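Now for the letters of each chain:
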Amino acid sequence: MQFLFTLDSIIQSEVFVIGYYIFTVATSLILIKETKQRIRDLAKGVKSMMYAPIPVGIMMAYFVFAYPIVEKIPILNWSWLGYNIAFGPFAREGFWGVLPFIPILIYMFVHINHAEELYFRKSKKMVIVWALTHIAMGIKIHMALLLMPLGFLFKYVYDKKGINHSYAMHFATNMLVVAALFLTLAG
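Residues numbered from 1 in each chain as written. Predicted model: local features only at pLDDT ≥ 70, side-chain atom pairs only at ≥ 80, totals over all residues. Heavy atoms only, no water.

Draft legend 1. Focus on the confidence of the model for the protein. Summarising the model, the protein shows a mean pLDDT of 88, and 93% of its residues fall at 70 or more. Summarising per-element confidence for the protein, the mean pLDDT is lowest in helix α1 (residues 7–12) (52) and highest in helix α3 (residues 35–44) (98). (pLDDT = per-residue confidence, 0-100. Helix = DSSP H or I, 4+ residues; strand = E, 2+ residues; numbered from the N terminus.)

Draft legend 2. Highlighting the packing of aromatic side chains. Evaluation of the coordinates by the stated rule reveals 3 aromatic pairs. Ring geometry for Y62 and F63: centres 5.8 Å apart, planes at 75°, overall edge-to-face. Ring plane angle 75° and centroid distance 6.3 Å describe the contact between W130 and F154, whose orientation is recorded as edge-to-face. Residue W130 is located in helix α7 (residues 124–133), and its partner F154 is located in helix α8 (residues 141–161); the two are separated by 24 residues in the primary sequence. Across this residue pair, the class does not change: W130 and F154 are buried. For the cation-ring pair, R121 lies above W130, with the distance from its terminal atom to the ring centre recorded as 4.1 Å. (Phe/Tyr/Trp six-rings, centres within 6.5 Å; stacked < 30°, edge-to-face > 60°. Buried < 20%, exposed > 50% of the residue type's maximum accessible area, 1.4 Å probe, protein only. Lys NZ or Arg CZ within 6 Å of the ring centre and 35° of its normal.)

Draft legend 3. Highlighting a nonpolar patch on the surface. A contiguous nonpolar surface patch, about 360 Å² in accessible area, is contributed by M50, Y51, I54 and I58. Along the chain, Y51 falls in the loop between α3 and α4 (53–70). (Patch = residues over 30% accessible without salt bridge, like charges linked within 9 Å, V, L, I, M, F, W, Y side chains within 5 Å. Areas by Shrake-Rupley, 256 points an atom, 1.4 Å probe, with all protein chains shown as cover. Salt bridge = Lys/Arg side-chain N within 4 Å of Asp/Glu carboxyl O.)

Structure representation (structure tokens):
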């Protein structure tokens, strides 16, 4: 007897991807009452936003020097989705598939980045867990590995200046990444 649906066909279906995205967004919407406080937290750590170009520079160096190599290694190139679900369920459509989701993505970063700093910067082990949890968001394994040194950089700021500063730096980093992606897709 053959199964009508395979796990792979369910995961790759558009309905599943849209449902997964809605679940991801809903977790941020649950925190809507905390939005004003998160904005205040960003303002308290605003001085550390100036360090955001450091992780972005690390990512750029990775894309120039390592990406062409690791992209050819099958196990490191694996992703259950092929892109980061945070960019929306229609990210494969390019610019017009991502554009409508930019506002909700920025809103999600306000809450998710704070939660990531709150829970995943307490120890080096948790930094590694943080990087690897991004695989659940659909990114490739080698991209999750790239996030580890970035997470340690956020942890360093967390340890030296506190959560609001690591949160602000993380948020600013993500804004620069979204801007770069946006410009890449538009170009």
